[in-house]
Amino acid sequence: MARDIVNFNAGPAGLPTAVLERAQAELMDFQGTGMSIMEHSHRGKAYDAVHNEAMSLTRSLMGVPDSYDVLFLQGGASGMFATIPMNFLTAGKVADYVITGTWSQKAIEEAQRIGEVRVAGTGKVGERFVRIPEALDLTPGAAYVHVTSNNTIAGTQYRAFPKTEAPLVADMSSDIMSRPVDVSQFSLLYAGAQKNLGPSGVVLVLVRRDWLAQASTTIPKIFRFKTHADKQSLYHTPPTFAIYLMRNVMQWIGEHGGLEGMAKRNAAKAEALYAAIDASGGFYASDVEVAARSEMNVVWRLPSEDLDKAFVAEATAAGLVGLKGHRDVGGIRASLYNAVELAGVERLVTFMKDFKNKR
Ligand SMILES: *Cc1c(COP(=O)(O)O)cnc(C)c1O
């Protein structure tokens, strides 16, 4: 069956067609074993090979230093909002959070339930998150500094990350593996898989092993990152099918030039779309500062809410789906994650020109 739509969903998001076709081909009989990978023991040989390859692909694609552990966890990125402070915001410490959107806001709210937090910077101007703050007000001796590398709802993204004395922690849920990053800047980074890496149900975590050694040991064992690090994420049953699909997505990334290849693809898509917005004479407009524009989630609005609605409806009818802005901010949002092809963005750009000309 042809997939003639272009999927601009913000998450869960589109997966590469080749990855889905492979999963379909292997679904009933994984490599001659007579069963699906979903039906294999997580302690058996067949799954073990998939699990280990997912770890080694993470290491090779991202250039993860040997001094870091690679974890595959459950609970979503939202679970990490709680478990990071549970592990690292120990008594008497303060954690700094840079608030650049809804997700950072949720992250600090969870941390507040655990210990003392401070806002070290904000991307808000008036009512909206439109920028990435340059200067930060950091707490000396902070437990860590938390940033959100890409703001899925606000449509902003870090180009370069702040240099901090305290351990830097990043939520990379919506731009993980979309471009090369120097992992060694971070003591911990995490990402729910369902935007760039696979289906929902698994969170990728990279954590510096020496920092892990300082984490709390009084919290329940299941919530300690070290529990999972010590057992290569096989302490309990991992989300095996999600990890299998993530492994296949990572192979696909490798076949498409790795993270350098993804960065090129993603820059070309974002350039095409921002160019269409900028060339529309204000018909399509965004208040995101140009320097903070996200390559993953492009947000804009039309001259009225009625036009926003008409735009989404007509686009959907034309096979361009998932363009409705997040309910918190309205307007239009196109998510251009790794799996979205340039040709799909070109279809959107043509649609935008036609829609404007008809008005
Ligand atoms: C989607 C998203 C989340 C939430 O992820 P869940 O897996 O649903 O908990 C957190 N942070 C960012 C930046 C996101 O884009």
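Since we're looking at a predicted model, the values are computed, not measured.

What counts and what doesn't
- Residues numbered from 1 in each chain as written.
- Predicted model: local features only at pLDDT ≥ 70, side-chain atom pairs only at ≥ 80, totals over all residues.
- Heavy atoms only, no water.
- Core = buried A, V, L, I, M, F, W, Y, C linked by side-chain atoms within 4.5 Å.
- Buried < 20%, exposed > 50% of the residue type's maximum accessible area, 1.4 Å probe, protein only.
- Helix = DSSP H or I, 4+ residues; strand = E, 2+ residues; numbered from the N terminus.
- Domains from an automatic or database assignment.
- Contact = heavy atoms within 4.5 Å.
- Near = heavy atom within 4 Å.
- Polar contact = N/O pair within 3.5 Å; in protein donor to acceptor, adjacent residues only side chain to side chain.
- Areas by Shrake-Rupley, 256 points an atom, 1.4 Å probe, with all protein chains shown as cover.
- Nonpolar A, V, L, I, M, F, W, Y, C, P; charged D, E, K, R; others polar.
- Buried area = accessible area lost by both parts, 1.4 Å probe.

**Student:** Quick one: what's the story with the nonpolar core, residue by residue and with numbers?
**Tutor:** Ranked by internal contacts, the top residues of the largest apolar core, which has 54 residues, are M62 and M177. By residue number, the principal contributor to this core is helix α7 (residues 240-255), which donates nine residues. Three or more residues apiece are contributed to this core by two domains, here domain 1 (20-255) and domain 2 (258-358). What M62 contacts, discounting residues up to four positions off in sequence, is I176, M177, V181, V183, L189, L204, L206 and L259. Counting 30 residues, the second-largest nonpolar core is a separate cluster that includes L71, A77, M80 and A111.

**Student:** I'd like a description of the site of the ligand, backed by residues and values.
**Tutor:** Contacts to the ligand come from 13 residues, most closely from S78, T152, D171, Q194 and K195. Here an oxygen atom of the ligand sits 3.1 Å away from a polar atom, N or O, in the main chain of A77. With respect to the ligand, the side chain of T152 contributes an N or O atom lying 2.5 Å from an oxygen atom. Protein chains shield 86% of the accessible area of the ligand, which is 390 Å² for the free molecule. Tallying contributions element by element places helix α3 (residues 76-88) first for the shell around the ligand, with four residues. The residue inventory of the shell around the ligand, partitioned by class, reads three nonpolar, eight polar and two charged.

**Student:** Quick one: what's the story with the domain arrangement of the protein, residue by residue and with numbers?
**Tutor:** When the domains of the protein are assigned, the result is domain 1 (20-255) and domain 2 (258-358). Summarising the inter-unit geometry, the C-alpha centres of domain 1 and domain 2 are found 27 Å apart. In this complex, domain 1 contributes 28 residues to the contact, which on the side of domain 2 involves 27 residues. Here domain 1 meets domain 2 over a buried area of about 2300 Å², counting both sides, of which 53% is carbon and sulfur. For the domain 1 face of the interface with domain 2, the top three residues by lost area are R128, I153 and W252, together amounting to 24%.

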